[in-house]
Amino acid sequence: MKRKEVKILGLSYSQSQIGSYVVVLSEIKGNKKVPIIVKPNEAQIIALKIEGIDSPRPLTHQLFKTMTDAFNIDVQEIYIHSILEGIFYTKIVASNLIDTIEIECSAGDGISLALIYDCPIYVSKEVIDVVGILINDDGTIPKDEDINEDIEYNNSERRTVSLEDLEKMMEDAIANEEYEIAAEIRDRIQKIKEKEIK
């Protein structure tokens, strides 16, 4: 089955599903974007990793990494292989250098683990064809002559989470009594605001 490597383009609060977030995946070579709804706890981990914030205490996904590291298991890739009734079916492909196994997981967990393990995310061509949106990274609609399935990706481009989404995540962390994470997000918000003033 054909598949394409994707990158995380952004994370935003979902306007259609209250309490959820949208992760936008973008083809590394191409113009299509794949929006995926994720749960707040998955969005929080994704935002923390994107913004470079370390949690003062290990969260579940970091605990998973610690356990797999202890047993010399490495997550090699995340593969979003199909979609059915709006649900993305995702596999974690892991190896201990002897055996390779595939474990089903939610798309949000897979994306979170991809950031933690720094491994690639792949999406099947079938999924991209069904839910992919043809749009440039800056939000403009490409002209016919600009559409190219083999556009190279500039690795220096930084992934971002909006200030408003960070503030919403900070509120969610406080509501869930995750005060250390809320403090880290608050500090990140202050740094961003200080940079905007300069």
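Residues numbered from 1 in each chain as written. Predicted model: local features only at pLDDT ≥ 70, side-chain atom pairs only at ≥ 80, totals over all residues. Heavy atoms only, no water.

Draft legend 1. Here's a closer look at the overall build of the protein chain. Helix and strand counts for the protein chain come out as six helices and nine strands. Taking all contacts inside the protein chain whose residues are at least 6 apart in sequence as the whole, residues at least 24 apart take part in 59%. With an accessible surface of roughly 11500 Å², the protein chain has 52% of that area assigned to carbon and sulfur atoms. (Helix = DSSP H or I, 4+ residues; strand = E, 2+ residues; numbered from the N terminus. Contact = heavy atoms within 4.5 Å. Areas by Shrake-Rupley, 256 points an atom, 1.4 Å probe, with all protein chains shown as cover.)

Draft legend 2. Looking closely at the pairing of strand E6 (residues 100-105). Relative to E6, strand E5 (residues 87-95) runs antiparallel, the two sharing six bridges. Following the sheet pairing, Lys91 is matched in E6 by Glu104. The turn linking E5 back onto E6 is made up of four residues, and Leu97 within it adopts a positive phi angle of 75°. (Pairing = 2+ DSSP bridges.)

Draft legend 3. Local environment of unusual backbone geometry. Positive phi is not limited to glycine here, since Glu85 has a value of about 50°. On the secondary structure map, Glu85 appears in the loop between strand E4 (74-84) and E5. Phi is positive for Leu97, which is not a glycine, with a value near 75°. Within the fold, Leu97 resides in the loop between E5 and E6.

Draft legend 4. Representation of the packing of helix H1 (residues 40-51) against helix H5 (residues 163-175) in the model. The contact between H1 and H5 brings their axes to 11 Å, and the two run at 125°. On the basis of the axis angle, H1 is oblique to H5. H1 and H5 meet at a crossing whose hand is left-handed. Facing Ala43, Gln44, Ala47 and Glu51 of H1, the residues of H5 in contact are Leu166, Met169 and Ala173. Residue composition of the contact of H1 with H5, by class: five nonpolar, one polar and one charged. (Axes fitted to C-alpha atoms, helices over the stretch in contact; angles between N-to-C directions. Parallel < 35°, antiparallel > 145°, perpendicular 65-115°, else oblique. Left-handed = near helix turned anticlockwise from the far one by under 90°. Nonpolar A, V, L, I, M, F, W, Y, C, P; charged D, E, K, R; others polar.)

Draft legend 5. Region of the structure containing the packing of H5 against helix H6 (residues 179-197). Axis separation between H5 and H6 bottoms out at 8 Å; the angle between their running directions is 160°. Taken together, the axes of H5 and H6 lie roughly antiparallel to each other. As for how H5 packs across H6, the hand of that crossing is left-handed. Residue-level inspection shows Leu163, Leu166, Glu167, Met169, Met170, Ala173 and Ile174 of H5 in contact with H6, the latter providing Tyr179, Ile181, Ala182, Ile185, Arg186, Arg188, Ile189, Ile192, Lys193 and Glu196. Of the residues contributing to the contact of H5 with H6, the split by class is twelve nonpolar, no polar and five charged.

Draft legend 6. Geometry of the packing of aromatic side chains. Under the criterion given, the structure shown has two aromatic pairs. Between Tyr13 and Tyr21 the ring centres are 5.2 Å apart and the planes differ by 80°, which places this aromatic pair in the edge-to-face class. With relative accessibility at 0%, the residue Tyr21 sits in the buried group. Relative to Tyr117, the ring of Phe64 lies with its centre 6.5 Å away and its plane at 80°, an arrangement referred to as edge-to-face. Taken together, the residues Phe64 in helix H2 (residues 60-70) and Tyr117 in helix H3 (residues 107-117) connect sequence positions 53 residues apart. For Tyr117, a relative accessible area of 9% gives the class buried. (Phe/Tyr/Trp six-rings, centres within 6.5 Å; stacked < 30°, edge-to-face > 60°. Buried < 20%, exposed > 50% of the residue type's maximum accessible area, 1.4 Å probe, protein only.)

Draft legend 7. Geometry of a nonpolar patch on the surface. Where nonpolar side chains cluster on the molecular surface, the patch consists of Leu84, Ile87 and Tyr89 and spans about 280 Å² of accessible area. With respect to the secondary-structure elements, Tyr89 resides in strand E5. Residue classification places Tyr89 among the partly exposed positions, given a relative accessible area of 32%. (Patch = residues over 30% accessible without salt bridge, like charges linked within 9 Å, V, L, I, M, F, W, Y side chains within 5 Å. Salt bridge = Lys/Arg side-chain N within 4 Å of Asp/Glu carboxyl O.)

Draft legend 8. Looking closely at the nonpolar core. Counting residues in each nonpolar core, the largest one holds 48 residues, and the members touching the most others are Leu11, Leu25, Ile36 and Phe88. The dominant element in this core, judged by the number of residues it contributes, is H3, at seven residues. (Core = buried A, V, L, I, M, F, W, Y, C linked by side-chain atoms within 4.5 Å.)

Draft legend 9. Representation of the side chain of Glu42 within the structure. Mapped onto the elements of the fold, Glu42 is located in helix H1. A polar atom in the side chain of Glu42 sits 3.5 Å from the backbone nitrogen of Asp109. The contact partners of Glu42, leaving out residues within four places of it in the chain, are Ser106, Gly108, Asp109 and Ser112. (Polar contact = N/O pair within 3.5 Å; in protein donor to acceptor, adjacent residues only side chain to side chain.)

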